[in-house]
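Inside the fold
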Amino acid sequence: MKLHVFGVRGSLPAPSAKNFNTSIYGGNTTCCYLQAGPFRIIFDMGSGARMLGNHLMKKGVIGKNFIFLLTHYHSDHIQGIGFCVPFYIKSNTFFIHGFTPEGRENIDPLRNVVLQALGEQQASPFFPVPHSLLPARKIYNAHNRMFSETFYYLHRNDNYFFISEKDSAETASIERQDLLKITTIPLHHPNGCLGYRIDYGDESFAFCTDNEPLAYPNHQINTICKDVDVIVLDGQYTAEQLSGPTQTYGHGSPELCVDQAIACGAKKLMITHMDPAHDDKNVAPMEVECKTYLAKKKKKTPASVEFAKEGKSWDI
Ligand SMILES: [Zn+2]
Ligand SMILES: [Zn+2]
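Note that this is a predicted model, so its numbers are computed, not measured.

Turning our attention to the sheet that holds strand β9 (residues 179-186). Strand order in the open sheet formed by eight strands is β8-β7-β9-β10-β11-β12-β13-β14, and the pairing between neighbours is mixed. This sheet does not close on itself; its edge strands, each paired only once, are β8 (159-163) and β14 (304-307). This sheet shows a mean twist of 20 degrees between the axes of neighbouring strands, independent of strand direction. Inspection of the sheet shows strand β7 (residues 150-156) paired to β9 by five bridges, in the antiparallel sense. In the sheet register, Tyr 153 faces β9, and the bridge partner there is Leu 180. Together, β13 (268-272) and β14 form the strand contacts of helix α6 (residues 280-297), whose direction differs from that of β14 by roughly 170 degrees.

Core analysis: the largest hydrophobic core is formed by 83 residues, its most contacted members being Ile 231 and Leu 269. Not counting residues within four places of it along the chain, the set of residues in contact with Ile 231 comprises Ala 206, Cys 208, Cys 225, Ala 261, Cys 264, Ala 266 and Leu 269.

Across the chain, the bulk of peptide bonds are trans and the bulk of non-glycine residues have phi less than zero. Residue Pro 125 is reached from Ser 124 by a cis peptide bond, and omega for that bond is 10 degrees. On the secondary structure map, Pro 125 appears in the loop between α2 (112-121) and β6 (137-143). Note that the residue after Thr 301, namely Pro 302, is joined by a cis bond; omega there is 0 degrees. Inspection of the secondary structure assignment puts Pro 302 in the loop between α6 and β14. At Asp 44, a position not held by glycine, the phi torsion is positive, near 60 degrees. You can see Asp 44 is positioned in the loop between β3 (39-43) and α1 (49-58). Using a count of 28 C-beta atoms within 10 Å as the deciding quantity, one classes Asp 44 as buried. Here Asn 191, not a glycine, exhibits a phi torsion of approximately 75 degrees, which is positive. On the secondary structure map, Asn 191 appears in the loop between β9 and β10 (194-200).

Two numbers describe a pair of packed helices, the interaxial angle and the distance between the axes. Orientation of helix α5 (residues 254-264) relative to α6, taken along the N-to-C sense of each, is 35 degrees, at an axis distance of 9 Å. Every pair of crossing elements has a handedness; the one defined by α5 and α6 is right-handed. Mapping the contact onto sequence places Pro 254, Glu 255, Val 258 and Ile 262 in α5 and Met 286, Cys 290, Tyr 293, Leu 294 and Lys 297 in α6. Residue composition of the contact of α5 with α6, grouped by class: seven nonpolar, no polar and two charged.

Once that is clear, we can look at α6. Compared with an ideal rise of 1.5 Å per residue, which puts 18 residues at 26 Å, α6 spans 26 Å between its outermost C-alpha atoms and is within 8% of the ideal. Those residues of α6 that fall on the buried side of the exposure criterion are Val 283, Met 286, Glu 287, Cys 290 and Leu 294. Projected down its long axis, α6 carries its buried residues within an arc of 100 degrees, all on one side. Residues Lys 281, Pro 285, Val 288, Thr 292, Ala 295 and Lys 296 are exposed on α6 and point more than 90 degrees away from its buried face. The inward-facing, buried residues of α6 abut α5, β13 and β14.

Our next topic: the environment of Asn 144. As for its position among the elements, Asn 144 is in the loop between β6 and β7. Taking the number of C-beta atoms within 10 Å as the measure of exposure, Asn 144 has 15 and is therefore partly exposed. Sequence separation between Asn 144 and Phe 99 is 45 residues; the distance between their C-alpha atoms is 5.6 Å. Those residues in contact with Asn 144 that sit more than four places away from it in its chain are Phe 99, Thr 100 and Glu 149.

Moving on to α1. If you check which residues of α1 are buried, you get Ala 49, Arg 50, Met 51, Leu 52, Gly 53 and Leu 56. Buried residues along α1 sit in contact with β1 (2-7), β2 (31-36) and β3. Positive backbone phi, at 75 degrees, marks Gly 60, one or two positions downstream of α1.

What follows deals with the pairing of β13. The element β13 is extensively covered by neighbouring structure, given that four of its five residues are classed as buried. With five bridges joining them, strand β12 (residues 230-234) and β13 adopt parallel strand pairing. Paired with Ile 231 across the two strands is Leu 269, which belongs to β13. Of the strand pairs in this sheet, β13 and β14 are connected by four bridges, and their pairing is parallel.

Here we come to the environment of Asp 229. Mapped onto the fold, Asp 229 is located in the loop between α3 (219-224) and β12. Its 16 C-beta neighbours within 10 Å are what place Asp 229 among the partly exposed residues. Each C-alpha atom, one on Asp 229 and one on Lys 90, is 35 Å from the other, the two residues being 139 residues apart in sequence. Setting aside its immediate chain neighbours within four residues, Asp 229 contacts Glu 203, Ser 204, Phe 205, Lys 267, Lys 268 and Ile 316.

Criteria and cut-off values
Residues numbered from 1 in each chain as written. Chains lettered and ligands numbered in written order. Predicted model: local features only at pLDDT ≥ 70, side-chain atom pairs only at ≥ 80, totals over all residues. Pairing = 2+ DSSP bridges. Helix = DSSP H or I, 4+ residues; strand = E, 2+ residues; numbered from the N terminus. Axes fitted to C-alpha atoms, helices over the stretch in contact; angles between N-to-C directions. Contact = placed C-beta atoms within 7 Å. Core = buried A, V, L, I, M, F, W, Y, C linked by C-beta atoms within 7 Å. Buried ≥ 20, exposed ≤ 12 C-beta atoms within 10 Å, placed from the backbone. Left-handed = near helix turned anticlockwise from the far one by under 90°. Nonpolar A, V, L, I, M, F, W, Y, C, P; charged D, E, K, R; others polar. Expected span 1.5 Å × (residues − 1). Arc of directions from axis to C-beta.

Taken by themselves, the reported measurements are silent on function.
So, in structure tokens, the structure goes:
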């Protein structure tokens, strides 16, 4: 698997300025792209989705299938959708996964709650192109935000086919290189949030931002992300900030991320969702302190911790 990072910022984009440099970690909000064998997986489309779209177009990735996993509907995770060029390519297909927001459980058919939630962001007068009119083919799936669900994708001739948990017996006859397993992870965050664990062959990856630290270590993360190769966690605030009013905002600190990664046995840890008020001068010492905190724990796993950096790629 290979992870490409296009946005690391939480809450709001934080462009570099004369006395506020964010060029090392990046200023765009959350967007990551994971290549797992033949599977193209996108995590969130914050403002970084514009760069992801440009990257895919430059590489000639056109007329393809994509699995788009949405953690939640806060604007820093969806604001780039209308600026991501592949959504304007008719021959592309997006399998879009989100969750049913509170109070929308009775909308029928259930899967359309994701379309409805994304449609509100692009409704007039907020955006000139309605979400439903984006030319790419779009297939929506809504999950439960309170309980973990598992589903699969089969790869055939560069097309993907969704397999639900109730049809999981079908996966027994599929070659491992053509099968992707995805497990949702309910997280602690205002308005709800889902993390995702990806399993492809012997490799595994988990993406778990945004997450409230009050319940650390999160037992759902412990169980579902057990022994995962790489886990991405939300370390927006310093421990000092987290002891103040930000405690209820639904985010963690780098040290709590280390504790969480140790608790679930993750082999490597990546930290993301940097505060828009933190420039590189603030974030770099947080990364150094976090590495020292991990070293003092003297644990075999995680073997390393690193802060996500926009424009960088990681082999998993
Ligand atoms: Zn966020
Ligand atoms: Zn959020």
